[in-house]
Amino acid sequence: MGRFDTRRIGQYGLVLVIAVTLNFLLPRLMPGNPLALIAGVDVGLLSPDQRAELVQEFGLDTPVWQQYLRYWQDLLSLDLGYSYRSGQAILGMLLERLPWTLLLTGSALLISGVIGIVAGAVSAWRRGSALDLTLLTSMIGLESMPAFWLGMLLISGFAVSLGVLPSFGAETAVSGLEGWDRLVDIAEHAVLPVLTLSIVSTPGVYMTMRYSMLEVLGEDFIRTGRAKGATERRLLFRHVARNALAPVLTVLALRLGYAFGGTVVIETVFSYPGLGRLVFEAVGGRDYPVMQAAFLVFTFAVLAANLLAELVYPLLDPRTRASA
């Protein structure tokens, strides 16, 4: 653990510094006036006085290294600046949207994880059977579906035709609902986006679990267990599934990080007020400060998910503890 702390955390710290540096440099390396970073397409509409005020406010008249130090100082003090479009503090905007994205990604990850692991285990255990071929074909078909198309299909079926679920938003606007009634309303609004995200995420978990189990089934200790008379149930739950779970849970941890970026399409289709929708609105409005801050959040999420996977893997597979 001590070696992990000094070596791995040092590596993650280096990656974080590189990511933050790129996030700082890329907009400034873009051709054109650096004011476009702040004012977007409206930079041409600013008066000379307004331009001078923005340049002074954001320190664009200082050397790049001073801007870089100021960027780090602002980050460490959790000052992400203000949205040029709305004038709101970006940190407040992110904190307001983050719970909705966590609700979608957390629920979808749990559902896709349980279904993918169980279906992958059954498919591998019954390899070559009609059930295995049916599950494998179905998962390949689901994986080929574009998320936006699937979301629109579910809206058409459950919201428009049947009218049993809301088609957009995180809760009913100006409803005045409180307590349990509000929770039910939020849950109903989350059903379709969570279902869409779960459907597109399950095939990846299923494939990983299936191939991981097939690899374990070919190990010598499984044949030895069968030769010693171990029951199929004991082999499945105590040896095969346990050893096959390590790479699957690692994939799930990594998906948690990447899920933040993957919600852009889902939240846009369902007009869900999460981080993905915020990025979509920032891109449409050329609100570069918000885009920069959101990309940093996605970077932190991916790094945190990778770190979580690094910590969990040795607990599931003792063979990796020596190398960790």
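About the cut-offs
- Residues numbered from 1 in each chain as written.
- Predicted model: local features only at pLDDT ≥ 70, side-chain atom pairs only at ≥ 80, totals over all residues.
- Heavy atoms only, no water.
- UniProt positions renumbered as here; feature names shortened; annotations may be inferred.
- Helix = DSSP H or I, 4+ residues; strand = E, 2+ residues; numbered from the N terminus.
- Axes fitted to C-alpha atoms, helices over the stretch in contact; angles between N-to-C directions.
- Left-handed = near helix turned anticlockwise from the far one by under 90°.
- Nonpolar A, V, L, I, M, F, W, Y, C, P; charged D, E, K, R; others polar.
- Patch = residues over 30% accessible without salt bridge, like charges linked within 9 Å, V, L, I, M, F, W, Y side chains within 5 Å.
- Areas by Shrake-Rupley, 256 points an atom, 1.4 Å probe, with all protein chains shown as cover.
- Salt bridge = Lys/Arg side-chain N within 4 Å of Asp/Glu carboxyl O.
- Buried < 20%, exposed > 50% of the residue type's maximum accessible area, 1.4 Å probe, protein only.
- Expected span 1.5 Å × (residues − 1).
- Arc of directions from axis to C-beta.

As named in an unreviewed UniProt entry, the protein chain is Oligopeptide transport system permease protein OppB, taken from Euzebya pacifica. The UniProt entry for the protein chain carries this comment under Subcellular location (unreviewed entry): "Cell membrane". Taken verbatim from the UniProt record of the protein chain, the Sequence similarities (unreviewed entry) comment is "Belongs to the binding-protein-dependent transport system permease family."

A.B. asks: What is the right way to read the UniProt feature "transmembrane region" (unreviewed entry) in the protein chain from this model?
C.D. replies: In the numbering adopted here, UniProt assigns the feature "transmembrane region" (unreviewed entry) to residues 12–30, 100–125, 146–170, 190–209, 244–270 and 290–316. Between the first and last C-alpha atoms of residues 100–125 the distance is 37 Å; the span itself is 100% helix and 0% strand. This span, residues 190–209, is 100% helix and 0% strand, and a straight line between its end C-alpha atoms measures 27 Å.

A.B. asks: It is not clear to me how the packing of helix α5 (residues 90–125) against helix α8 (residues 179–217) should be interpreted in this structure. Could you clarify?
C.D. replies: When two helices pack together, their arrangement is given by the angle between the helix axes and the distance between those axes. In contact at an axis separation of 5 Å, α5 and α8 are set at 35 degrees when each is read in the N-to-C sense. As α5 runs across α8, the sense of the crossing is right-handed. Of the residues contributing to the contact of α5 with α8, the split by class is 22 nonpolar, 10 polar and 1 charged.

A.B. asks: Can you walk me through a nonpolar patch on the surface in this structure?
C.D. replies: A grouping of L110, I111, V114, I115, V118, V122 and L131 is seen on the molecular surface, where their side chains present a nonpolar patch of about 590 Å² in accessible area. Considering each element in turn, the nonpolar patch owes the most residues, 6 residues, to α5. If you trace the backbone, V122 turns up in helix α5. Of the residues examined, V122 reaches a relative accessible area of 33% and is grouped as partly exposed.

A.B. asks: Can you help me understand the pattern of salt bridges in this one?
C.D. replies: Once the charged atoms of two side chains with opposite charge are near each other, the side chains can pair. Counted according to the given criterion, the structure contains 5 salt bridges. We note a salt bridge from R210 to D132, for which the minimum N-O separation is 3.0 Å. Residue R210 is found in helix α8, and its partner D132 is found in helix α6 (residues 130–143); the two are separated by 78 residues along the sequence. An identical accessibility class is assigned to R210 and D132; each is buried. For the salt bridge of E171 with R182, the shortest nitrogen-to-oxygen distance reads 2.8 Å. Taken together, the residues E171 in the loop between α7 (147–161) and α8 and R182 in helix α8 connect sequence positions 11 residues apart. A relative accessible area of 27% places E171 in the partly exposed class. On the accessibility criterion, R182 (36% relative accessible area) is partly exposed. Each of R97, R277 and E281 takes part in a single network of salt bridges with overlapping partners.

A.B. asks: Just to check I follow, could you spell out helix α4 (residues 64–76) for this structure?
C.D. replies: Helical geometry: 3.6 residues make up each α-helical turn, so side chains three or four residues apart lie on a common side. The end-to-end C-alpha distance of α4 is 18 Å, a good match for the 18 Å that 13 residues give at a rise of 1.5 Å each. Within α4, burial applies to Q67, Y71, W72 and L75. Along the axis of α4, the buried positions cluster into a sector of 140 degrees, meaning they face one direction only. Those residues of α4 that are exposed and angled more than 90 degrees off the buried face are W65, Q73 and L76. Two residues or fewer after α4 comes L78, characterised by a positive phi angle close to 60 degrees.

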